[in-house]
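The chain contents come next:
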Amino acid sequence: MRSLLTKTAGLTCLFALTVTGCSAGSGGSAGSLDAAPPATGRAASPQATGKASRTSYAPYVSATTASDTDSAGSPTTYNLAFVISDGSTCTPKWNGTYAIGDSAVKNRIDALKKSGATVRVSFGGASGKELAATCGSVSALAKAYGRALDAAGAEQADFDIEGDELTDSASVALRSQAIRQLQQQRPDLTVSFTLPVMPSGLDDDGVALLESANTYDVRVSTVDLMTMNYGESYTGDMGAYAITAANAAHAQLKKVFGLSDAATWQGMALTSMIGVNDVAGETFTLSDATQVRAFAEEKKIAWVSMWSAFRDRPCRKGESAQDDAATDCSGVSQSAGAFAAAFAE
């Protein structure tokens, strides 16, 4: 997903994976890929707890700028976009520009929490440099991640890895080791990975990142699929494409983590880019949102999300042309907050 740098702009994992049901760390969502204490041999398939589950709604929001549609749909968790490097050093900043301890950002995050919602710090995004590309050691990277989590008062970390960062095997390995260290220091920390997906599923780099997490014993709570921006040959039903991508990725995640069908669904999340996407011909409509929500409920998927809360409003005249995705409006006919209502129902 694009950054907010400008306003316009099958493993032998040595862990027994268990479905923990609804937890504070998952923002109230059900099911996870959370790992239990080390075991021997292949990862064991988890057993469902039998607890009722309901798919949560957890939109991406700007960590620095409030929007009138942030609270639409009464989110359980807000994904704070994004923490990245300041450019060349191991210094974490909101959107690469705001200091981690910025008082205005802190007030913004405190306001989001007033409803009782939790916050999840999202590291990475489509622009700028993810910290694993600029931090020189595991300990330095873990410390940088920890500073951002402490600043937000968060026990949830999301890693939105795409583009060059996803193909850089060295930074992938460094990140996995840093997350493991962070989880050793913070036993309650839950970790999700947000990854690009096609209707055919995750690409080889996405699978390799998850295999790296397994190699370094990262406890992965959820894998969030970016069901968006597939390419110019995909101009049909975006809701159907999202479901096709989820089904394809389900088979991959089941193999990587050694989970049951149900547990794999419960460890998945889906994030759609609402309205006009960045690829010409791709438009995600309100009916697509309703379709994705119904599918997620049926499969007991952990959460549904969207890029983004501040785009959940109609564009004013001249703000967006057809097939031209705007930063702060959807580009389709809607009322303000309508996508949130569809995803949260």
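Residues numbered from 1 in each chain as written. Predicted model: local features only at pLDDT ≥ 70, side-chain atom pairs only at ≥ 80, totals over all residues. Heavy atoms only, no water.

Q: Describe the confidence of the model for the chain, with residues and values.
A: The predicted model of the chain has a mean per-residue pLDDT of 87, with 84% of residues at 70 or higher. Here residues 4-32 scores under 50 on pLDDT; set against residues more than four positions off or in separate chains, the count is 108 contacts. Low pLDDT, under 50, characterises residues 35-52; the predicted model gives this stretch 43 contacts beyond four residues in sequence or across chains. (pLDDT = per-residue confidence, 0-100. Contact = heavy atoms within 4.5 Å.)

Q: Pulling in residues and values, what's your account of the state of the cysteines?
A: Put plainly, a disulfide is one covalent bond tying together the sulfur atoms of two cysteines. Summed over the entire model, instances satisfying the criterion amount to 2 disulfides. In this model, C90 is linked to C135 through a disulfide, with the two sulfur atoms separated by 1.9 Å. Its S-S torsion of approximately 90° makes the covalent link between C90 and C135 right-handed. Of this pair, C90 sits in the loop between β5 (77-85) and β6 (92-94) while C135 sits in the loop between β8 (118-124) and α2 (138-152), and the two are 45 residues apart along the sequence. C135 sits in the buried class, given a relative accessible area of 6%. Here C315 is linked by a disulfide to C329, with a sulfur-sulfur distance of 2.0 Å. Note on the C315 and C329 pair: the S-S dihedral is about 95°, so by sign convention the disulfide is right-handed. On the criterion of sequence distance, the pair formed by C315 in the loop between β15 (303-307) and α9 (338-344) and C329 in the loop between β15 and α9 is long-range, its members being 14 residues apart. The class for C315 is partly exposed, based on a relative accessible area of 23%. For C329, a relative accessible area of 0% corresponds to the buried category. (Disulfide = S-S within 2.5 Å. Helix = DSSP H or I, 4+ residues; strand = E, 2+ residues; numbered from the N terminus. Buried < 20%, exposed > 50% of the residue type's maximum accessible area, 1.4 Å probe, protein only.)

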